[in-house]
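Spelled out, the chains give:
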Amino acid sequence: MNSKSDNNKKLKDFFDKEYHSLKAYVGSKVKENIDRDPEDIIQDVALKLFTGADRYTPINNVAGFVYRSIKNKIVDVMRGNNKYSTNYNEQNELKLEAFAQQLYDESETVYPEQMK
C-alpha cells in the first residue's frame, strides 16, 4: 500500500475512534465561544492533515502526529485570536448577505399573478 492511502487510512481510523477524545482535549485547552469552537479547530486540523497526507512520509505515531497538529492550531488560534474571529465573522456576514439576497430576490416571483 502506498504511503498516501496508508496515511489517509490511518488518519481516518484515528479520527473515527478518537473524535470525542480530541474534542475533550481541545475543550480543556480553549474556552468555548463563538470564535473558538473545539469542533471547528478539530475540523480545520483534520482538513489540513487529510489534504496533505500524500506529502508526509508514512505516519507511524498517528496519535502524536494529530495531537501535535491540534496543539499547534490551538496556539495559532490563541495568538491570532483577532485574525481568526474576524475571518469567522466575515464569513458568516457574507453567508448571511447571500442568503438574504437570495430570499428577497425570489420573494417577488414566488406568487403567481392571479394570486396577487
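For the structure itself, consult the block above.
Residues numbered from 1 in each chain as written. Predicted model: local features only at pLDDT ≥ 70, side-chain atom pairs only at ≥ 80, totals over all residues. Heavy atoms only, no water.

K.L.:
Give a detailed account of the layout of surface pockets, specifying residues and quantitative values.
P.N.:
Size it by volume and the largest pocket reaches roughly 260 Å³. Looking at the largest pocket, the residues that line it are D44, V45, L47, K48, L49, Y56, S69, N72, K73 and D76. Secondary-structure elements contributing two or more residues to the lining of the largest pocket are α2 (38-51) and α3 (62-79). Here the lining of the largest pocket takes five residues from α2, the largest share from any one element. Per-class residue counts for the lining of the largest pocket are four nonpolar, two polar and four charged. (1 Å grid on protein atoms, 1.4 Å probe; cavity = no way out; pocket = protein on both sides within 12 Å on 5 of 7 lines; lining within 4 Å. Points joined across faces, edges and corners; volume = space filled by probe spheres on them. Helix = DSSP H or I, 4+ residues; strand = E, 2+ residues; numbered from the N terminus. Nonpolar A, V, L, I, M, F, W, Y, C, P; charged D, E, K, R; others polar.)

K.L.:
Please give an account of the packing of aromatic side chains that cites residues and values.
P.N.:
On inspection of all chains with the given rule, the structure shows four aromatic pairs. Taking the centre distance of 6.3 Å and the plane angle of 80° together, the rings of F14 and Y67 count as edge-to-face. Here F14, found in helix α1 (residues 3-29), pairs with Y67, found in helix α3; they are 53 residues apart in sequence, far enough to count as distant. Taking the centre distance of 5.8 Å and the plane angle of 45° together, the rings of F15 and F50 count as tilted. Placement of the pair is F15 in helix α1 and F50 in helix α2, with a sequence separation of 35 residues. The class for F50 is partly exposed, based on a relative accessible area of 31%. An aromatic cluster is defined as three or more aromatic residues linked by ring pairs; in this entry it consists of F14, F15, Y25, F50 and Y67. (Phe/Tyr/Trp six-rings, centres within 6.5 Å; stacked < 30°, edge-to-face > 60°. Buried < 20%, exposed > 50% of the residue type's maximum accessible area, 1.4 Å probe, protein only.)

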